[in-house]
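The primary structure of each chain is shown beneath.
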Amino acid sequence: MHRVLSGIQPSGIPTLGNYLGAIRNWVALQDTHDCLFCVVNLHAITGFQDPALLRANTLEMAATLLACGIDPARSVLFVQSAVSAHARLAWIFNCIARLGWLNRMTQFKDKAGRDRESASAGLYVYPNLMAADIHTYHATRVPVGDDQRQHVELANDIAEKFNHDYGVDFFPRVEPLILPEAARIMSLRDGTRKMSKSDPSDQSRINLTDDADAIALKIRRARTDPAPLPHDAAGLADRPEARNLVAIYAAITGAEVAHVLAEHGGHGFGAFKEALAERLVSRLAPVAAETRRLLADTAHLEQTLRQGAARADALAEPIVAEAERIVGFLS
Ligand code: TYM
């Protein structure tokens, strides 16, 4: 059985993009794979996080994952900082990855923006830590959105160079699992930008904790163009906002884009947005309610995460100890 590992940053409230691009796939994979999911707080502090808010967001992220259907009896759910093996392997990988490789990472360029000189060193080596998250468990499948594809490829480059430099066959190749229809859910305000939990505009995204009124309002206000919906997918070319809303509708209902357009093609956006909001509310309202219920008992939530960390640690320790032995560290 392939082992799955994936992570999500507690740098805000999870969005519809996280859900459609990654989390719903995590939930499905539990039936067929040996799964580990982590809330990656080490990654989150590559940009400054208020400590109290980071703690609250970490718990809220864990509660949301449970509410979406991550089952701690079947999957290992934990917080990254609680398993020190990740940081130890990340340091080794900092010494394996080449500056030239990191210089090609598009996410660093996007996140650092124009002022690269003042980005943290952590943001630069962020993909090495992500490679460590995966290889700490010898995971071979990584369910992510399209924006993480390049990082997963880098994890393969790092594994290959480690194996080559030390003359071992220790770290396996990994494959990203990307859902094609929801690989990249876009902002509701700008169909050319990714929907993101760190976008300053709350109107740009649906948060998994939004209530029915907020969801309906954001969808009603979502940017569109004046033309009616097309009758087929080809008609969505050069219409990024329309394409995004149709993709969201298809992903949330499990229907093909062609099927959605067969039903709604030729109509204006008013009725379509209403139908979309209704579908979103019926899927997300129970998640928001369950998240609130779980957050009312933080002691239980923290206990679940501690148990997850103990299980993750038991899997990680022999693998990372062996990597350290290969490198030549005294045990
Ligand atoms: P993060 O926290 O940005 O996002 C979590 C997951 O959600 C996906 N995603 C999206 N998918 C489709 N459309 C969108 N608009 C959208 N926004 C986010 C992301 O691709 C991701 O799968 N570096 C990772 C976290 C990480 C990780 C790992 C992932 C750390 N270690 C190891 C896999 C394996 C990140 O920042 O995800």
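Since we're looking at a predicted model, the values are computed, not measured. (Residues numbered from 1 in each chain as written. Predicted model: local features only at pLDDT ≥ 70, side-chain atom pairs only at ≥ 80, totals over all residues. Heavy atoms only, no water.)

### Things to note about the site of the ligand
Close contacts around the ligand come from 27 residues, with Tyr126, Asp133, Asp147, Ile185 and Lys197 the closest. Within the backbone of methionine 195, one N or O atom sits 3.0 Å away from a nitrogen atom of the ligand. When isolated, the ligand has an accessible area of 710 Å², and the protein chains bury 98% of it. Where the shell around the ligand is concerned, the elements lending two or more residues are strand 1 (3–8), helix 1 (16–29) and helix 7 (121–135). (Near = heavy atom within 4 Å. Polar contact = N/O pair within 3.5 Å; in protein donor to acceptor, adjacent residues only side chain to side chain. Areas by Shrake-Rupley, 256 points an atom, 1.4 Å probe, with all protein chains shown as cover. Helix = DSSP H or I, 4+ residues; strand = E, 2+ residues; numbered from the N terminus.)

### Section: helix 13 (residues 298–327)
With 30 residues, helix 13 should reach 44 Å at 1.5 Å per residue; the first-to-last C-alpha distance of 40 Å fits that figure. Roughly 35 degrees is the biggest bend found in helix 13, and it falls at alanine 316, with proline proline 318 one to four residues downstream. Three or more residues of helix 13 are buried, namely Leu301, Thr304, Leu305, Gly308, Ala309, Ala312, Ala316, Ile319, Val320, Ala323, Glu324 and Ile326. (Expected span 1.5 Å × (residues − 1). Bend = angle between axes of the 7 residues up to and from the residue. Buried < 20%, exposed > 50% of the residue type's maximum accessible area, 1.4 Å probe, protein only.)

### Structural notes on the pairing of strand 2 (residues 34–39)
Counting buried residues in strand 2 gives 5 out of 6 residues, a clear majority hidden from the surface. Pairing of strand 1 with strand 2, which is carried by 6 bridges, proceeds in the parallel orientation. Bridging from a neighbouring strand, valine 4 pairs with cysteine 35 of strand 2. Alignment of strand 2 against strand 3 (residues 76–79), held across 4 bridges, turns out to be parallel. Along strand 3, the bridge assignment pairs cysteine 38 with phenylalanine 78. (Pairing = 2+ DSSP bridges.)

### Details of the environment of valine 39
Its location among the elements puts valine 39 in strand 2. Judged by its relative accessible area of 0%, valine 39 falls in the buried class. Remark: the alpha-carbon pair of valine 39 and glutamine 9, spanning 30 residues in sequence, is separated by 5.8 Å. Leaving out residues up to four positions away in the same chain, valine 39 has contacts with Ile8, Pro10, Thr58, Met61, Ala62, Leu65, Phe78, Val79 and Gln80. (Contact = heavy atoms within 4.5 Å.)

### Notes on the pairing of strand 1
Burial within strand 1 is extensive, with 5 of its 6 residues counted as buried. Each parallel crossover has a hand, and for strand 1 linked through helix 1 to strand 2 it is right-handed. (Right-handed = clockwise from strand over helix to strand, strands pointing away.)

### Some points on the packing of helix 4 (residues 85–94) against helix 13
Where helix 4 meets helix 13, the closest approach of the two axes is 10 Å, and the angle between their N-to-C directions is 25 degrees. In terms of orientation, helix 4 and helix 13 fall into the roughly parallel class. Helix-helix and strand crossings are classified by hand; for helix 4 and helix 13 the assignment is left-handed. Mapping the contact onto sequence places Ala85, Arg88, Leu89 and Ile92 in helix 4 and Ala316, Glu317, Val320, Ala321, Ala323, Glu324 and Val327 in helix 13. For the contact of helix 4 with helix 13, the per-class residue count stands at 8 nonpolar, no polar and 3 charged. (Axes fitted to C-alpha atoms, helices over the stretch in contact; angles between N-to-C directions. Parallel < 35°, antiparallel > 145°, perpendicular 65-115°, else oblique. Left-handed = near helix turned anticlockwise from the far one by under 90°. Nonpolar A, V, L, I, M, F, W, Y, C, P; charged D, E, K, R; others polar.)

### Quick notes on the pattern of salt bridges
Inspection of the entire model under this criterion finds 18 salt bridges. One salt bridge in this structure joins aspartate 202 and arginine 205, with 3.7 Å as the shortest N-O distance. Residue classification places arginine 205 among the buried residues on the basis of a relative accessible area of 9%. Glutamate 290 is the salt-bridge partner of arginine 293, the closest N and O atoms lying 2.9 Å from each other. Placement of the pair is arginine 293 and glutamate 290 together in helix 12 (residues 269–295), with a separation of 3 residues, close to one helical turn. What makes arginine 293 exposed here is its relative accessible area of 53%. Residues joined by salt bridges that share partners form a network here, namely Asp202, Arg205, Asp210 and Lys218. (Salt bridge = Lys/Arg side-chain N within 4 Å of Asp/Glu carboxyl O.)

### What to know about the domain arrangement of the protein
For the protein, the assigned domains read domain 1 (3–183 + 297–327) and domain 2 (209–293). The gap between the C-alpha centroids of domain 1 and domain 2 is 30 Å. Contacts between the two partners involve 13 residues from domain 1, matched on the other side by 12 residues from domain 2. Where domain 1 abuts domain 2, roughly 980 Å² becomes buried across the two surfaces, and 70% of that area is made up of carbon and sulfur atoms. Contact with domain 2 buries area across many residues of domain 1, yet Leu16, Tyr19 and Ala67 alone supply 41% of it, more than any other trio. Joining domain 1 to domain 2, the criterion identifies 0 salt bridges. The interface formed by domain 1 and domain 2 contains 1 residue pair in polar contact (both at pLDDT 80 or more). Contributing elements (two or more residues each) for the side of domain 1 that touches domain 2: helix 1 and helix 3 (51–68). With 5 residues, helix 3 is the largest single contributor of residues to the side of domain 1 that touches domain 2. The class makeup of the residues in the side of domain 1 that touches domain 2 is 8 nonpolar, 1 polar and 4 charged. (Domains from an automatic or database assignment. Buried area = accessible area lost by both parts, 1.4 Å probe.)

### Observations regarding unusual backbone geometry
With a phi close to 50 degrees, histidine 138 is a non-glycine residue in the positive phi region. Mapped onto the elements, histidine 138 comes out in the loop between helix 7 and strand 4 (141–143). By relative accessible area, histidine 138 is classed as partly exposed at 24%. Residue aspartate 238 is not a glycine yet carries a positive backbone phi of 65 degrees. Mapped onto the fold, aspartate 238 is located in the loop between helix 9 (212–221) and helix 10 (240–253). Judged by relative accessible area, aspartate 238 falls into the exposed class, the value being 76%.

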